[in-house]
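Chain residues, written in single-letter form:
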Amino acid sequence: MTHAPQIKVPATYMRGGTSKGVFFRLKDLPQAAQVPGKARDNLLLRVIGSPDPYQKQIDGMGGATSSTSKTVILAEPTQPDHDVDYLFGQVSIDKPFVDWSGNCGNLTAAVGAFAINGGFVARERIPENGIATVRIWQANIQKTIVARIPITNGEVQETGDFELDGVTFPAAEVQVEFMDPADGEGAMFPTGNLVDDLEVPGVGTLKATMINAGIPTIFLNADDIGYKGTELQDHINSNPEALAMFENIRAHGAVKMGLIQSVEEAASRQHTPKVAFVAKPSDYVSSSGKAIGAGDVDVLVRALSMGKLHHAMMGTAAVAIAIASAVPGTLVNLAAGGGDRTSVTFGHPSGSLQVGAEASLVNGQWTATKAIMSRSARMLMEGWVRVPGDSFEL
């Protein structure tokens, strides 16, 4: 029996925010994977090391968490006045599929740096010292994102003293602006309500705010499902019954939001929607041992990603939190004290994060103008990834 040799594909391994992933230029992918489809999905699955029944991704670049099982494909811009097209693929850990239904806000911070280093941004638009503005077309959700990248001596500055809870070491600050972050194809609140009664068999009827901003998200009150909002990962991720409950809520919420037609479809759409629960501020100790005081934050939020409680907060979910907090009457807004606000500081398992947001009522419907947050990014490794040559064949 003959075996196909490995091939090597140019790639860069980058951290963005509290996530990391494998970045590719579209033109560097094997020809069959340069278009959407099974060949591309199979290639990315093999790169990351999925599907893995052991859920460790030992034979790939993934880190066996939703934050580290990620891929990015960058290409020449298809939209005028943009620098780069950004396509994100969330790779399932134990199942053979790649979810293309949403964005990764954390990795967006790394897209700007990659675009500059990769030659997507015209040299005359990069200052010798200062801030380079990179306009990104997020191809999954058809939205514009603006990343402001610090430049020193004509090069991307990655080191610095900006600290981000959920990331061990400081780095340079990258400001990311999500423009018009609400779903452009439908209402920001798809049911037409700021708060709904969500009926979930086996769980009950729950108050829920369902929003399409940043990423489709279902917000619940923590005490309605038996939590305080101060929980860390192990509290929930070590409890199969809790995870099954959240997946049940997610599936029924997705149907109510119009994202899927039946709860059975939720299994093939793991990336969206997200489920999060909120609570009024209280003291807790983060996963790093850092004390978070009730006076340090406006609201407590815990969110699940790919079936597990996230170790910090997804960037896109942070946008959803900020926009929801800016709309009086949502569960997020009420937990944060109610009223009008243009920014929110929320507590998550790794610490806290401040996000700015703008929302307004136009012709009886709420709309979001933008959300702004600071992240950081760093190139971890560059070169080639190697995969068996027949791993992505149809």
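A. Region of the structure containing unusual backbone geometry. Cis geometry is found at the peptide bond from Ser-50 to Pro-51, where omega equals -5°. Residues Thr-272 and Pro-273 are joined by a peptide bond in cis, for which omega reads -5°. Here Pro-273 shows up in the loop between helix H4 (240-256) and strand S13 (274-279). Look at Gln-57: it is not a glycine, yet its phi comes out positive at around 55°. Relative to the helices and strands, Gln-57 resides in the loop between helix H1 (38-48) and strand S3 (70-75).

B. Region of interest: the packing of aromatic side chains. Scanning the entire structure with this criterion turns up four aromatic pairs. On the numbers, 5.9 Å between centres and 20° between planes, the contact of Tyr-227 with Phe-246 is stacked. Of the two residues, Tyr-227 sits in the loop between strand S12 (215-221) and helix H3 (233-237) while Phe-246 sits in helix H4, which places them 19 residues apart along the sequence. On the basis of relative accessible area, Tyr-227 is assigned to the buried category, the value being 12%. Aromatic side chains Tyr-227 and Phe-277 sit 5.3 Å apart centroid to centroid with 25° between the ring planes, which places their arrangement in the stacked category. Pair noted here: Tyr-227 is in the loop between S12 and H3 and Phe-277 is in strand S13, with a separation of 50 residues, a long-range link. The residues Tyr-227 and Phe-277 share a single accessibility class, namely buried. Grouped by ring-pair contacts, the aromatic residues Tyr-227, Phe-246 and Phe-277 constitute a single cluster. The positively charged end of Arg-302 is found above the aromatic ring belonging to Tyr-284, 4.7 Å away from the centroid.

Thresholds, definitions, all that
- Residues numbered from 1 in each chain as written.
- Predicted model: local features only at pLDDT ≥ 70, side-chain atom pairs only at ≥ 80, totals over all residues.
- Heavy atoms only, no water.
- Helix = DSSP H or I, 4+ residues; strand = E, 2+ residues; numbered from the N terminus.
- Phe/Tyr/Trp six-rings, centres within 6.5 Å; stacked < 30°, edge-to-face > 60°.
- Buried < 20%, exposed > 50% of the residue type's maximum accessible area, 1.4 Å probe, protein only.
- Lys NZ or Arg CZ within 6 Å of the ring centre and 35° of its normal.

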